[in-house]
Amino acid sequence: MSHLIEGTPMHPFTRITISLLSLLVGESSAGLGQERDRNKIPDEYKWNLADIYPTDDAWKNAKEQFVADIPSVKKYRGTLSSSSEQLLGCLESVSHLAKEYSRLSSYAGMNSDQDTRESKDLAMKQEMGQIGTTLGAEVAYVE
């Protein structure tokens, strides 16, 4: 493939680019033969999300409790400088929420990453993004 149009010399950079693209296309089409059915992949190569939440229902229950707990940090707004106990209580509450958010978000994200074709799992991940925005808005006063 030395000429795009017969009789027209090809720039060396163009030749290298076409060669690299051909290589990439060849590799990506070779990857199409990889196993896509998670049931056929040995468990030793899969995440064990049950270590985080045993089921999607357990995750959903924890998420609902988390969303209900977010407003609990409102009670500290405007009081952080009143006492060290107030500041400590606020920081502990925010830290607890941040850890739980991370756990919920990690589960949703890894669950979605297992099979990006599953819209239910993608919805969980997107929902955690929205909840994270809500959490960030609620605790912004601490900064």
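Refer to the preceding data block for the structure.
Residues numbered from 1 in each chain as written. Predicted model: local features only at pLDDT ≥ 70, side-chain atom pairs only at ≥ 80, totals over all residues. Heavy atoms only, no water.

Q: Any chance you could explain the layout of surface pockets here in plain terms?
A: The gaps of empty space that remain are located by a probe, the size of a water molecule, rolled over the atoms. By volume, the largest pocket is sized at about 150 Å³. Asp 37, Arg 38, Asn 39, Asp 43, Lys 46, Trp 47, Asn 48 and Gln 114 are the residues that line the largest pocket. Split into classes, the residues belonging to the lining of the largest pocket amount to one nonpolar, three polar and four charged. (1 Å grid on protein atoms, 1.4 Å probe; cavity = no way out; pocket = protein on both sides within 12 Å on 5 of 7 lines; lining within 4 Å. Points joined across faces, edges and corners; volume = space filled by probe spheres on them. Nonpolar A, V, L, I, M, F, W, Y, C, P; charged D, E, K, R; others polar.)

Q: Looking at this model, I keep getting lost on helix H2 (residues 56-69). Mind explaining?
A: Owing to its 3.6 residues per turn, the α-helix brings residues three or four apart onto one side. With 14 residues, H2 should cover 20 Å at 1.5 Å per step; its first-to-last C-alpha distance of 20 Å lies within 8% of that length. Among the residues making up H2, those that are buried are Trp 59, Ala 62, Lys 63 and Phe 66. Each buried residue of H2 lies within a common arc of 105° when the element is viewed along its axis, so the set occupies one face. Turned more than 90 degrees from where H2 packs its buried face, Asp 57 and Ala 68 sit exposed. Tucked into the core, H2 has its buried residues touching helix H3 (84-114) and helix H4 (119-139). (Helix = DSSP H or I, 4+ residues; strand = E, 2+ residues; numbered from the N terminus. Expected span 1.5 Å × (residues − 1). Buried < 20%, exposed > 50% of the residue type's maximum accessible area, 1.4 Å probe, protein only. Arc of directions from axis to C-beta. Contact = heavy atoms within 4.5 Å.)

Q: Would you take a moment to explain the packing of H2 against H4 for this structure?
A: The description of two helices packed together rests on the angle between their axes and the distance between the axes. It is the contact of H2 with H4, at a shortest axis distance of 12 Å, that shows an interaxial angle of 15°. With respect to H4, the axis of H2 lies roughly parallel. Taken as a pair, H2 and H4 cross one another with a handedness that is left-handed. Contacts between H2 and H4 involve Asp 56, Trp 59, Lys 63, Phe 66 and Val 67 from the first element and Lys 120, Asp 121, Met 124, Glu 127, Met 128, Ile 131 and Leu 135 from the second. Split by residue class, the contact of H2 with H4 holds seven nonpolar, no polar and five charged. (Axes fitted to C-alpha atoms, helices over the stretch in contact; angles between N-to-C directions. Parallel < 35°, antiparallel > 145°, perpendicular 65-115°, else oblique. Left-handed = near helix turned anticlockwise from the far one by under 90°.)

Q: Just checking my understanding: could you explain the nonpolar core for this structure?
A: Grouped burial of nonpolar side chains is what soluble globular proteins tend to show. Membership of the largest hydrophobic core comes to 22 residues, with the highest contact counts inside it found for Tyr 53, Trp 59, Phe 66, Leu 104, Tyr 107, Met 128 and Leu 135. Secondary structure elements with two or more residues in this core: H2, H3 and H4. With seven residues, the single largest contributor to this core is H3. Discounting residues that sit within four places of it in the chain, Tyr 107 has contacts with Leu 49, Ile 52, Tyr 53, Thr 55, Asp 56, Trp 59 and Met 124. (Core = buried A, V, L, I, M, F, W, Y, C linked by side-chain atoms within 4.5 Å.)

Q: Which parts of the structure should I look at to understand the pattern of salt bridges?
A: All told, the structure shown has two salt bridges when counted by the stated rule. Taking the shortest distance from any N to any O, the salt bridge between Asp 56 and Lys 120 comes out at 2.5 Å. With Asp 56 in helix H2 and Lys 120 in helix H4, this pair connects stretches of sequence that are 64 residues apart. Residues Glu 127 and Lys 63 are paired through a salt bridge, measuring 2.6 Å at the closest nitrogen-oxygen approach. Taken together, the residues span a long stretch of sequence, with Glu 127 in helix H4 and Lys 63 in helix H2 at a distance of 64 residues. A relative accessible area of 8% places Lys 63 in the buried class. (Salt bridge = Lys/Arg side-chain N within 4 Å of Asp/Glu carboxyl O.)

Q: Explanation requested: the packing of aromatic side chains in the structure shown.
A: Given two aromatic rings, their pairing is described by the distance between the two centres and the angle made by the two planes. Summed over all chains, the structure comprises three aromatic pairs. Where Tyr 53 meets Tyr 107, the ring centres are 5.5 Å apart and the plane angle is 90°; that geometry is what we call edge-to-face. Linking Tyr 53 in the loop between helix H1 (12-30) and H2 with Tyr 107 in helix H3, this pair joins segments that are 54 residues apart in sequence. Tyr 53 gets classed as buried once you look at its relative accessible area, which sits at 4%. You can call Tyr 107 buried: its relative accessible area is 4%. Ring plane angle 35° and centroid distance 6.2 Å describe the contact between Phe 66 and Tyr 101, whose orientation is recorded as tilted. Of the two residues, Phe 66 sits in helix H2 while Tyr 101 sits in helix H3, which places them 35 residues apart along the sequence. Comparing Phe 66 with Tyr 101, the two get one shared label, buried. For the cation-ring pair, Arg 103 lies above Tyr 53, with the distance from its terminal atom to the ring centre recorded as 4.4 Å. (Phe/Tyr/Trp six-rings, centres within 6.5 Å; stacked < 30°, edge-to-face > 60°. Lys NZ or Arg CZ within 6 Å of the ring centre and 35° of its normal.)

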